[in-house]
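Structural description and commentary
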Amino acid sequence: MTHLLQVQNYTAFYGRSQALRDVSLDVVGGEILCLLGRNGAGKTTALNAIMGTVKPASGRLLLNGENLFNLPANQIPKRGIGYVPQGRKLFAELTVKENLDIGLQTRHAGTGGLEAALTLFPILRERMKQRSGTLSGGEQTMLAVARAMCIEPDIIMLDEPTEGLMPSAVALIRQAVVALRAKGVGVLLVEQRVDAVLSVADTVAFMDHGEIKGVYRVAELRADPSLLQRYLGINEASAQTMAKA
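To start, this report covers the structure provided alongside it.

So, how was this worked out
- Residues numbered from 1 in each chain as written.
- Predicted model: local features only at pLDDT ≥ 70, side-chain atom pairs only at ≥ 80, totals over all residues.
- Heavy atoms only, no water.
- Phe/Tyr/Trp six-rings, centres within 6.5 Å; stacked < 30°, edge-to-face > 60°.
- Helix = DSSP H or I, 4+ residues; strand = E, 2+ residues; numbered from the N terminus.
- Lys NZ or Arg CZ within 6 Å of the ring centre and 35° of its normal.
- Contact = heavy atoms within 4.5 Å.
- Pairing = 2+ DSSP bridges.
- Axes fitted to C-alpha atoms, helices over the stretch in contact; angles between N-to-C directions.
- Buried < 20%, exposed > 50% of the residue type's maximum accessible area, 1.4 Å probe, protein only.
- Parallel < 35°, antiparallel > 145°, perpendicular 65-115°, else oblique.
- Left-handed = near helix turned anticlockwise from the far one by under 90°.
- Nonpolar A, V, L, I, M, F, W, Y, C, P; charged D, E, K, R; others polar.

1. As for the packing of aromatic side chains
Inspection of the entire model under this criterion finds four aromatic pairs. Judged by centre distance (5.7 Å) and plane angle (75°), the ring pair of tyrosine 10 and phenylalanine 69 falls under edge-to-face. Separated by 59 residues along the polypeptide, tyrosine 10 in strand 1 (residues 4-14) and phenylalanine 69 in the loop between strand 5 (66-67) and strand 6 (81-84) bring together distant segments of the chain. These aromatic residues form a ring-pair network of at least three members: Phe206, Tyr216 and Tyr231. A cation sits over an aromatic face here: lysine 55 above phenylalanine 69, 4.9 Å from the ring centre.

2. Some words on the side chain of aspartate 154
Here aspartate 154 shows up in the loop between helix 5 (137-149) and strand 7 (155-159). Among all residues touching aspartate 154, those that are not within four sequence positions of it are His3, Asn64, Arg79, Gly80, Arg107, Gly184, Val185 and Gly186.

3. Overview of the sheet that holds strand 7
Strands sit in the order 6-7-8-3-9-10 across an open sheet of six strands; the sheet is mixed. Strand pairing shows two members of the sheet lacking a second neighbour, strand 6 and strand 10 (211-217), which therefore form its edges. Strand-to-strand twist of the sheet, defined as the mean angle between neighbouring strand axes without regard to direction, takes the value 15°. Pairing between strand 3 (residues 32-36) and strand 9 (residues 203-208): four bridges, direction parallel. Paired with leucine 36 across the bridge in strand 9 is phenylalanine 206. Here helix 1 (residues 43-51) sits on the sheet in contact with strand 3, strand 6, strand 7, strand 8 (186-190) and strand 9, set at roughly 145° to strand 7. Lying over the sheet, helix 5 contacts strand 6 and strand 7, oriented at roughly 170° with respect to strand 6.

4. Description of the side chain of asparagine 99
Among the structural elements, asparagine 99 can be located in helix 2 (residues 96-107). The exposure class of asparagine 99 is buried, given its relative accessible area of 0%.

5. Considerations on the packing of helix 5 against helix 6 (residues 167-182)
Between helix 5 and helix 6, whose axes approach to 9 Å, the crossing angle comes to 10°. With respect to helix 6, the element helix 5 is oriented roughly parallel. Two packed elements cross with a definite hand, and for helix 5 against helix 6 that hand is left-handed. The segment helix 5 lies against helix 6, with Gly138, Thr141, Met142, Val145 and Met149 engaging Ala169, Leu172, Ile173, Ala176 and Leu180. A class-by-class count of the residues in the contact of helix 5 with helix 6 yields eight nonpolar, two polar and no charged.

Right under this line is the structure:
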C-alpha cells in the first residue's frame, strides 16, 4: 500500500492574525516532500496544525482516506504520523531508553521501528541509560528521530532536523530520511538549507506568508534555477550553483 497524507485547505489563526491560508499538501509514501520558505513563512505552523497542537480553523486532513481533522492531538501519532519538532522536544530528565519507550507505547507497533533506528544510530544503543538532556546536539536529534521511528510511521514530519549540527551528524540524519523513504514512508521535511534539500527531496513546496506559492519536482528546480530566485530571493549565481549541486 502506498500511504498518502492529504492536507486540504488548512487555515489557522494566532488570535486575529491569520497564520495559514488554504494550505494544501500531498505527502506520498516513498517520497520526500520538502517545505521551503523564509523565516516566518508558516512552515512550522503548518506542521503543528497537522499534528493538532495548533487547531486549524478549517480544512481536512486525510491519512489513507481517513479524516483525522477533528481528532485530539494525542490521537494523531496513533494513526501513524511521526513528528520530529524543531528543537527536538525530548524529555530531558528521562533516559534515552525512557524517551524511546514513549515512542514504542504511542502506537504499540512492536520493536521493528526501534531496531531500525538503533541500526541507523548505533550510538544511542550505547547511551540507553544516559539522561537525554546530557546528550550532544547531534545525539539529541538522533534520539528525536529514533523516537518518531518507534511508532513505525506511515508518514514522518521533520522540522529543520539538521539545524546547528556538525556535518557528521547531518549526514546521519539525511541517511535516516533516505532510509525511511526507501521503506515506503512518506516524508515531509522542513529545511532552511536549499542545497541540503535538493540532494534528498523528490518534490519541493514553496511557502510564504502562510500560503503555498508553488510545488515543483526537484528536476524542475534543477532545470530552472530562477524558481529559487523567485520564491526564496536567492541571487542568480547562488541559485545556479545550488541547482547543480
